[in-house]
Amino acid sequence: MTNVSKWMSWEGGIDLVAVTSPDLQMPNLIVHLGRMVSTPVGNAASGMVLWQPDPNAMPAVMGFVSTDTKVGEYFGPNIFAGTPFEQAPVLNASISIDISADKAISKCIVGDYTFEVEMSDFTDPYLINREPAAMPPFHQQGVEIHARKVSVKINGENINIIVPPVGITGGPASVVAPNGVYAR
């Protein structure tokens, strides 16, 4: 029997994967945040942000975001090992998340960028139990709520987005994740 030694859990998650143009093959906007993320090395509001406004240039923002650098440094080598995110930098961030029955709002300030995501038009909550795949390479369990309406502001400017049917975790690309766990 193999012991689970690499894990993270969260409460109050907001997960969005989107593109800003229909001809893009890969997402150029990812905002995955947890109001509180727990790991073997500590607990902090944390997540991952990718913003690549010009798909032919380097991302403007890319990395794990956290209010605690030690927690942020845990994600790449332990949860995302073997993926393009394994070597992602850790960026200090301010993260706030407010989830109610009819709306979820997150705000993440990282460097010179402020990412605001608002989600609504929710499905009923459902349980997930996803097996590891090439991406993502970890077990996933938890509760998700698909958000069918999403808006994004970056530095106060509304961003036109297209939300694909499937995100990087294998489920819908716009969800509120009240709680869950990733484990390897």
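Residues numbered from 1 in each chain as written. Predicted model: local features only at pLDDT ≥ 70, side-chain atom pairs only at ≥ 80, totals over all residues. Heavy atoms only, no water.

Asker: So, the environment of Ser 66: which residues are in play, and what are the values?
Answerer: As for its position among the elements, Ser 66 is in strand S4 (residues 61-66). Take Ser 66: its relative accessible area is 1%, and that puts it in the buried class. Along the chain, Ser 66 and Glu 118 lie 52 residues apart, while their C-alpha atoms are 20 Å from each other. A polar contact is formed between the side chain of Ser 66 and the backbone oxygen of Asp 68, at a distance of 2.9 Å. (Helix = DSSP H or I, 4+ residues; strand = E, 2+ residues; numbered from the N terminus. Buried < 20%, exposed > 50% of the residue type's maximum accessible area, 1.4 Å probe, protein only. Polar contact = N/O pair within 3.5 Å; in protein donor to acceptor, adjacent residues only side chain to side chain.)

Asker: I'd like to hear about the pattern of salt bridges, residue by residue, with values.
Answerer: Inspection of every chain in the model, using the stated rule, returns three salt bridges. Put simply, Glu 11 and Arg 35 hold a salt bridge, and the shortest N to O gap is 2.9 Å. With a gap of 24 residues between them, Glu 11 in strand S1 (residues 7-18) and Arg 35 in strand S2 (residues 29-39) connect regions that are remote in the sequence. (Salt bridge = Lys/Arg side-chain N within 4 Å of Asp/Glu carboxyl O.)

Asker: Please give an account of the side chain of Asn 78 that cites residues and values.
Answerer: In this fold, Asn 78 is placed in helix H1 (residues 69-79). Relative accessible area serves as the criterion here: at 18%, Asn 78 is assigned to the buried category.

Asker: A description of the pairing of S2 should follow, citing residues and the corresponding values.
Answerer: The buried fraction of S2 amounts to eight of the 11 residues, a majority that puts the element mostly inside the structure. Bridge analysis of S1 against S2 gives nine bridges, and the strand direction is antiparallel. For Trp 10, the partnering residue across the bridge sits in S2 and is Val 37. Across nine bridges, S2 lies against strand S3 (residues 42-51) in antiparallel orientation. When the sheet's bridge partners are listed, Leu 29 is paired in S3 with Trp 51. Between S2 and S3, which follow one another and run antiparallel, lie two residues. (Pairing = 2+ DSSP bridges.)

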